[in-house]
Amino acid sequence: MWTLVVNCGSSSLKFALLNPATGETPLTGLAERLGSDLAAVRVDRREKRGTVPLPQGSYPEAFGVLLAELDALGLRQEVRAVGHRVVHGGDRFNAPVRITPEVLEVIRTCIPLAPLHNPANLAGIEAALAAFPELPQVAVFDTAFHQSMPPVAYRYAVPTAWYTQYGVRRYGFHGISHAYVAEEAARLLARDLTDLSLVTAHLGNGCSVTAVQGGRSLDTSMGLTPLEGLVMGTRSGDVDPGLPDYLAQEAGLTLAEITAALNRESGLLGLSGLTNDMRELEAAAAGGNTNAQLALESFVYRLAKTIAGMATVLGRLDALVFTGGIGENSATVRAATLARLGLLGFQLNAAANAQAVRGQGGVITSGGVPALVVNTNEERMIARETARAVKGAPA
Ligand code: ADP
């Protein structure tokens, strides 16, 4: 059974054709700069790789390219379902759902919570519905995994009316990745996921840490928006809520300017003044750049503190999982993080840690609580969830 996975950004469309059971992926593609003269689709299909220019093309044209590729593979008629990544499902969805007009309406009502992402996700769904009207389509939400958080984790200590009237609460993100690596970690440890208490750290350009007990999220570091929590590539993570008012007064900045700077000019980039790219930062830090060293140390410091906090939430820690571009590749960040977490009983295996790069996962400790590297695969998780949702519900 082939499942098509669609992941839309504000001017991009990522797609993959997958077998959810085996993970086989004969086709992947990325359409970028949609709506501009430079729009193009990069396609990777079995032995063939190439770029199809698509000037002024938007989501429907990108779908045209995708259909042609499916035809070239002879698999268009074999696609059984389409799975869509949707960033924000508010508190309405705690699991993937078959897309209906009512579901589309709820995704629309969540636009104020994810103004950049949900409109793009809807555009992708509409294009897919037009291209594959006969197929079941499923929405898989980044927020759904965290709907199992208890109120003590998701409520902010703010006026209750903000929560009841405006949905001001913590939602959490990266749920597809946290759920996937938790499942894979259980497999790697040969343990039953329902018996495991895990902390999962997704460290990419965006970063979040989740406490996962029995396969359910108990707490996570991102909140109402993906700005809360850890130091990230260009996002500040936690700051004093009094900061915007102070800066508005002192620097004459508007709220929009402050929010933009907290999202795009902060984090590793803000602290280092150099880059948001961990590879470049590690090289600069090793070369003696003190700003790069501070950025790296701050990243690790906040990460270790947050992991320890999540261990407290769980009460018992069976394993720590690293994933995302940094988690999967940076032996430096992993070693420095474990070194700060001696309290939790990690014993780093330096050789195993050094080897866990570029797609090579596995356990990186030699005793105590295991820490492991698991390569995330959000496309595969979306395909799995889509297959489950299609099986679970009548057409
Ligand atoms: P996104 O969140 O956009 O999907 P990724 O998960 O690909 O991003 O993570 C990107 C981050 O991973 C960047 O900071 C990048 O520098 C980092 N990264 C990738 N490879 C390495 C590496 N070998 N060593 C250190 N960091 C790496």
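Worth saying up front: this structure is predicted, and the values here are computed from it rather than measured.

Student: Could you clarify how one ought to interpret the sheet that holds strand β5 (residues 48-53) in this entry?
Tutor: Sheet architecture is open: eight strands sit in the order β5-β4-β3-β2-β1-β6-β8-β7, paired in mixed fashion. Each edge of the open sheet carries a strand with a single partner, namely β5 and β7 (97-98). Of the strand pairs in this sheet, strand β6 (residues 79-86) and strand β8 (residues 137-141) are connected by five bridges, and their pairing is parallel. When the sheet's bridge partners are listed, G83 is paired in β8 with V138. Contacting β1 (2-8), β2 (13-18), β6, β7 and β8, helix α15 (residues 378-392) crosses the sheet at an angle of about 120° to β6.

Student: Where do I start with the layout of surface pockets in this structure?
Tutor: The method is simple in principle: a probe with the dimensions of a water molecule rolls over the atoms, and the space it marks as empty is what remains. As a volume, the second largest pocket reaches approximately 350 Å³. Together, 22 residues line the second largest pocket, and N94, A95, A144, F145 and E385 are the ones closest to its centre. Residue assignment for the lining of the second largest pocket shows that the elements contributing at least two residues are β8, α6 (175-188), β11 (216-220) and α15. The biggest single contributor to the lining of the second largest pocket is α6, with five residues.

Student: Where do I start with the sheet that holds strand β16 (residues 371-373) in this structure?
Tutor: Two strands in a sheet stick together by hydrogen bonds in their backbones, pointing the same way (parallel) or opposite ways (antiparallel). If you trace the six strands from one edge of the open sheet to the other, you get β11-β10-β9-β12-β16-β14, paired in mixed fashion. Sheet topology places β11 and β14 (362-363) at the edges, where each strand pairs with a single neighbour. Here seven bridges tie strand β9 (residues 197-203) to strand β10 (residues 207-213), and the two strands are oriented antiparallel to one another. Within the sheet, the bridge partner assigned to A201 lies in β10 and is V209. Running at roughly 15° to β10, helix α11 (residues 290-314) makes contact with β9, β10, β11 and β12 (319-323) of the sheet. Here helix α13 (residues 331-340) sits on the sheet in contact with β12 and β16, set at roughly 155° to β12.

Thresholds applied
- Residues numbered from 1 in each chain as written.
- Predicted model: local features only at pLDDT ≥ 70, side-chain atom pairs only at ≥ 80, totals over all residues.
- Heavy atoms only, no water.
- Pairing = 2+ DSSP bridges.
- Helix = DSSP H or I, 4+ residues; strand = E, 2+ residues; numbered from the N terminus.
- Contact = heavy atoms within 4.5 Å.
- Axes fitted to C-alpha atoms, helices over the stretch in contact; angles between N-to-C directions.
- 1 Å grid on protein atoms, 1.4 Å probe; cavity = no way out; pocket = protein on both sides within 12 Å on 5 of 7 lines; lining within 4 Å.
- Points joined across faces, edges and corners; volume = space filled by probe spheres on them.

In short, shape yes, function no, at least from these values alone.
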